[in-house]
Amino acid sequence: MADGTSVPVGVITTAPRAAAPRGTMKRIARQKSTIAFMLCLPLIVLICGFVIYPAFYALFLSMLNKKMTAFVGLGNFAFLLKRHTFQLVIFQSCLFAVTAVVAKALLGFVIAHLMHNIPGKHQKIWRGLLLVPWVIPLALSTLTWWWMFDPSYSAFNWILNQFGFANVPWLGVGWIARACTIVVNVWFGTPFFMIMYLAALKSVPEALYEAASIDGAGARQKLLFVTLPMMRNIIAITVLFSLIVTFADFDIVRILTAGGPQDMTHVFATYAFQVGIQSGDIPLGAADSLFMFPILAFAAFFVLRGVTQRTKDIAA
Amino acid sequence: MSAQLEKPRAPTVPGLSPAGAVAGRSAGGTAAAGTPSSRAAVYHTSLHRQRQWALWGSYAALGVFVIMFLMPPFYTLMTSLKSSAEISAQTGSPWLVKHPTLDNFWYLITYPNFQTYYLNSVMITIVTVSVSMIISVLAAFSLARMGFWGSNILSTGVFLTYLIPPSLLFIPLFQIVGSIGLINSVWCLVLLYPTLAVPFCTWIMIGYFSSIPRELDEAALIDGASYMQILLKIFIPVAMPGIIAATIFAFTVAWGAFLYPLAYLYTSNQMVLTVGIISDLIRGDVFQWGKIMAACLLASLPPIVIYAFLMDYYVAGLTAGATKG
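Analysis parameters
- Along every chain, residues carry numbers that run from 1 in the direction the sequence is written.
- Just so you know, chain letters begin at A and ligand numbers begin at 1, following the order they were written in.
- At least 70 in pLDDT is required for a residue's local features to be given in this predicted model, at least 80 for side-chain atom pairs to be given and counted, and no such filter applies to totals for whole chains, interfaces and linings, which use all residues.
- Secondary structure is summarised from DSSP: a helix means a run of H or I of at least four residues, a strand means a run of E of at least two, and numbering begins at the N terminus for each.
- With C-beta atoms placed from the backbone, the exposure class of a residue follows from how many other C-beta atoms lie within 10 Å of its own: 20 or more, buried; 12 or fewer, exposed; in between, partly exposed.
- Any pair of residues counts as being in contact when their C-beta atoms, constructed from backbone geometry, are within 7 Å of one another.
- To get the radius of gyration, use the C-alpha atoms; to get the globule rule, take the number of residues to the power 0.38 and multiply by 2.2 Å.
- For this classification, the nonpolar set comprises Ala, Val, Leu, Ile, Met, Phe, Trp, Tyr, Cys and Pro, the charged set comprises Asp, Glu, Lys and Arg, and every other residue, Gly included, is treated as polar.
- Start and end positions for the domains come from either an automated domain assignment or a database one.
- Only the contacting stretch of a helix is used when fitting its axis, a line to C-alpha atoms as for every element, and angles between N-to-C directions run 0 to 180 degrees.
- For classification purposes, angles smaller than 35 degrees are called roughly parallel, those larger than 145 roughly antiparallel, those between 65 and 115 roughly perpendicular, and all remaining angles oblique.
- Crossing handedness is defined as follows: a turn of the near helix away from the far one that is anticlockwise and smaller than a right angle gives a left-handed crossing, while the clockwise case is right-handed.
- Only buried residues count toward a nonpolar core: Ala, Val, Leu, Ile, Met, Phe, Trp, Tyr and Cys, linked into one set through C-beta atoms within 7 Å.
- Scored between 0 and 100, pLDDT is the confidence that the predictor attaches to each residue.

Quick word on the overall build of chain B
- Regarding its fold elements, chain B presents 15 helices and two strands.
- By residue count, 45% of the 325 residues in chain B fall in the buried class.
- In chain B, once contacts between residues fewer than 6 apart in sequence are set aside, the share between residues at least 24 apart is 76%.

See the structure below:
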């Protein structure tokens, strides 16, 4: 068929197209975009039905009273803001997300550099080992952490006891529990930063480092003036993306502490679950979830800008 | 850094002295880099030794990180091999197992509820992955190659949808799932998981499809291929690495999701692994840790096996996801 001499008899659809007069070019173009639209239709239906519609529905729900019989306007939002528990939720969500993302970014950066130092043929096995936390479903690995944080006979307290320290009530005291949730999130999320940064490090041309060496730059200067500027975009995208995921995290807090002690570890997602699903106050839960939206939109805007920028850079 | 400064001897390495001279001239901008003379004086052997030290240092630091990161999985394994008696005895190191036994695993394998969870998880994952891949490959082909009015906006919209976390919309979805009568039915997950998987899969497939040279599909068009034939015979085989990456992503989402099943399923015959383990093996204050840990291990096995073999594809796809578009 491809030799150009035989007539493609078997391909019925193209036969009239080949013989068509020039006036039908428009029709073909229209046909093409119709097919294109049809191919996208499942995606559009999915997004409209289960993302856009629920988003507007959430707005509607959040303005109803608890029994969903009357319209209360912004009453739920005002009620939440005045509530002490919710103020704790806002504080803890921000603390959790910011601390965890900064720690993940720093650790990931360090590990990526260490990984970049060792020869390529050994990298694969080390990378594989370090990615294990990220591969195990988070809900399941958090169970292990819960068991390790167990107050009576736990992995960590045993080690502390060996060194002569007293037991620590890991998940029983507010600030320690907050730190624990952050540690688990860092443990889970660092490998993601590591692979993103490692990929970025590999894409920095070696010639730049050579040029910097010739100009007399030390290791610190190479890092500040070559590596960081070259990685800036990837760092920004990864941090913002992780900020979204961490801010909206549910699994860790739900399993580890379920919001306790004294609601000190609740984040938006777990509080929405407790209020909306467990206590059955759907409108209040919806309102609680929607509080996440501004910061998510903010981060999403910059992620999108970074990705578009990067695509342009690569194309250029 | 410290090894660099050791014993500045005479500049005997000819290759390094011009570099020192250049450094000397541009020293204004690089004052912190140490004096040029000491840099030029570094012996080749000491540079080599310095690299060697850096290498061993990197290995040592990585070793520490690996130990830290693998501590919980190791503890999972150890606990899963212990009998309930050994766990409740609370003597000796909890990090080691004295009388390893496979009882926990055997109990779970023969436990009907656990079998149900596993089967549900497998079933839901297979359906989700298939549905997600069909939707996203079709859409990505259309968005990357064919285009229609508004297709650029749709691409951007797809990426933004990927950034929406499940915890933002689970409450309205609870109402929606309830209104279509799928609450406490494992099939509601088949409707909802694709919303988490499809956007990213579409996004990386757009990237992979866009990188295929246009000449390929133009040649096929001239030869009389239909769009479906181009997709099936050219795009899918050429973009196979991307398809593998997207499939793994969809699998990860469907296998590990926790919030949706926790919120929408409540009887044990409808549950999947992530919530089944928690609700079934934890009864009030009784924690059967040996069994819970064994269940975690069994449930983590499929992702670990898949990643062990296909990690490279996934990492390539993931890093491309942030760069291509």
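Once you've had a look at it, read on.
Quick word on the overall build of chain A
- When you go through chain A residue by residue, the secondary structure sums to 15 helices and zero strands.
- Over its C-alpha trace chain A gives a radius of gyration of 27 Å, far above what one expects of a compact globule, namely 20 Å for 316 residues.
- Its C-alpha atoms put chain A at 90 × 70 × 35 Å along the principal axes.
- Taken across its 316 residues, chain A has 41% of its residues classed as buried.
- Counting contacts in chain A only where the partners sit at least 6 residues apart, residues at least 24 apart contribute 66% of the total.

Quick look at the interface of chain B and chain A
- With 94 residues of chain B in contact, the opposing surface of chain A contributes 90 residues.
- Across the side of chain B that touches chain A, the residue classes tally to 65 nonpolar, 26 polar and three charged.

Some details on unusual backbone geometry
All names here are of chain A.
- One non-glycine residue, Met68, lies in positive phi territory at about 60 degrees.
- Residue class for Met68 comes out partly exposed when judged on the 13 C-beta atoms lying within 10 Å of it.
- Residue Asp263 is not a glycine yet carries a positive backbone phi of 60 degrees.
- By secondary structure assignment, the location of Asp263 is in the loop between α12 (251–256) and α13 (268–278).
- The exposure class of Asp263 is partly exposed, given the 18 C-beta atoms found within 10 Å.

A closer look at the domain arrangement of chain A
- Domains assigned within chain A are domain 1 (14–61) and domain 2 (75–315).
- The straight-line distance from the C-alpha centre of domain 1 of chain A to that of domain 2 of chain A is 38 Å.

Examining the packing of helix α14 (residues 282–290) of chain A against helix α8 (residues 166–179) of chain B
- Running from amino to carboxyl end, α14(A) crosses α8(B) at an angle of 155 degrees, the nearest separation of the two axes being 8 Å. Classified by the angle their axes make, α14(A) and α8(B) are roughly antiparallel. The interaxial crossing formed by α14(A) with α8(B) has left-handed handedness. Between α14(A) and α8(B), the residues in contact are A:Ile282, A:Gly285, A:Ala286 and A:Ser289 and B:Ser167, B:Leu168, B:Ile171, B:Pro172 and B:Gln175, respectively.

Some remarks on the nonpolar core
Residues and elements named next belong to chain B.
- With 182 residues, the main nonpolar core has Ala197, Cys201, Met205, Ala250, Ala254 and Ala295 as its most contacted residues.
- Tallying contributions element by element places helix α9 (residues 188–210) first for this core, with 16 residues.
- Contact partners of Ala250, with chain neighbours within four places excluded, come to Thr128, Val129, Ser132, Met133, Ala197 and Cys201.

Topic: the environment of A:Val101
All names here are of chain A.
- Position of Val101 among the secondary structure elements: in helix α4 (residues 84–117).
- Given 24 C-beta atoms within 10 Å, Val101 falls into the buried group.
- Separated by 143 residues in the primary sequence, Val101 and Ile244 have C-alpha atoms spaced 9.8 Å apart.
- Filtering out sequence-adjacent residues up to four positions away, Val101 remains in contact with Val239, Ser242, Leu243 and Thr246.

Side note on the confidence of the model for chain B
Residue and element names in this part refer to chain B.
- With 84% of its residues at a pLDDT of 70 or more, chain B shows a mean pLDDT of 81.
- Here residues 1–37 scores under 50 on pLDDT; set against residues more than four positions off or in separate chains, the count is 59 contacts.
- For this predicted complex, the interface score ipTM comes out at 0.83, while the overall pTM is 0.83.

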